[in-house]
Amino acid sequence: MILVRAPQPALDQAALTRRVIAACRDVIVEHEAYLCDLDCAIGDGDHGTNMRRGLEALTGESEHLATVPFSEAMIAAGTVLVMSIGGAAGPLYGTLLMEIGKGMAADPSAAFADVFQQAVAAVARRGKSSPGEKTLLDVLYPLSDALIEQMPLSLLAEESQGFANKTIDMKALRGRASFLGERSIGHMDPGAASCALLCATICRELVLAGAA
Ligand SMILES: [Mg+2]
């Protein structure tokens, strides 16, 4: 039997924003224990809980974020994440979104990939970190390169977990995990793990919505 799917009506910006936020919240809630387990191995075990708190706070602001211009929404969302995630990850995720918003506001005609690249550099400065040090930057940098190279988002959704997997063999040089030195090797970085989950989720939602 052949099932023919009804064509999806095009989503407007507001509906897409609501759907992306809800999907990000769902994937983090679903993986809360997994992210906490990863953080237990090389940190203090709260990354899943912190991320859930952040995504639930973002969901609470969903209606506002859906109805303001994209740049404004990104700055507001970044502010929410800084205040709600806490720990080391809050300022990093918050910086990423706020810098994307500021970049889009400064030059609305700029290519998203270029704005994203600048925002990732700002996250690195904020964390005084570089790729290869077993952090979420090890997902953000290859993600940025893939966007610059115009990798299709459907493929990027599949690739992003691979970026996080590469942190397993890295020695942590930043944050609490760095105190473990060599013993941090063999564990995936929890920040890289949450970043890969969110990246894959956002890419899939954009593809589903026909926005990419
Ligand atoms: Mg932690």
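Described in the following lines is the structure provided in the data block.

About the thresholds
- Residue positions are counted from 1 within each chain, in the order its sequence is given.
- Thresholds applied to this predicted model are a pLDDT of at least 70 for local features of residues and 80 or more for the giving and counting of side-chain atom pairs; totals over whole chains, interfaces and linings are not thresholded and use all residues.
- Where side-chain values are given, they derive from all heavy atoms of the structure, hydrogens and water being excluded.
- The nonpolar core is taken to be a set of buried Ala, Val, Leu, Ile, Met, Phe, Trp, Tyr and Cys residues, with the residues joined through side-chain atoms within 4.5 Å.
- Burial status follows relative accessibility: with a 1.4 Å probe on protein chains alone, a residue under 20% of its type maximum counts as buried, one over 50% as exposed, and anything between as partly exposed.
- Each helix is a run of DSSP H or I of at least 4 residues and each strand a run of E of at least 2, with the numbering of both proceeding from the N terminus.
- Salt bridges are defined as contacts in which a side-chain nitrogen from Lys or Arg sits within 4 Å of a carboxyl oxygen from Asp or Glu.
- Metal coordination here is assigned from N, O and S atoms located within 2.8 Å of the ion, or within 3.2 Å for Na, K and Ca; omission of water means that sites may look incomplete.

With that out of the way, let us pick up the nonpolar core. Counting 55 residues, the largest nonpolar core has Tyr93 and Leu140 as the members making the most contacts within it. Among the elements that line this core, the one with the most residues is helix α10 (residues 190-208), at eight residues.

All told, the structure shown has eight salt bridges when counted by the stated rule. Linking Glu182 and Lys171 is a salt bridge whose minimum nitrogen-to-oxygen distance equals 3.4 Å. Residue Glu182 is located in the loop between α9 (153-165) and α10, and its partner Lys171 is located in the loop between α9 and α10; the two are separated by 11 residues in the primary sequence. Because the salt bridges share partners, they merge into one network encompassing Glu32, Arg52 and Glu56.

With that settled, consider the coordination of the magnesium ion. Coordination of the magnesium ion by the protein involves Asp39 (OD), Asp44 (OD) and Asp46 (OD), with metal-donor separations of 2.0 to 2.3 Å. Summarised as a motif, the one-chain spacing of the donors to the magnesium ion is D-x4-D-x1-D. On the basis of relative accessible area, Asp39 is assigned to the buried category, the value being 8%. The exposure class assigned to Asp44 is partly exposed, which follows from its relative accessible area of 40%.

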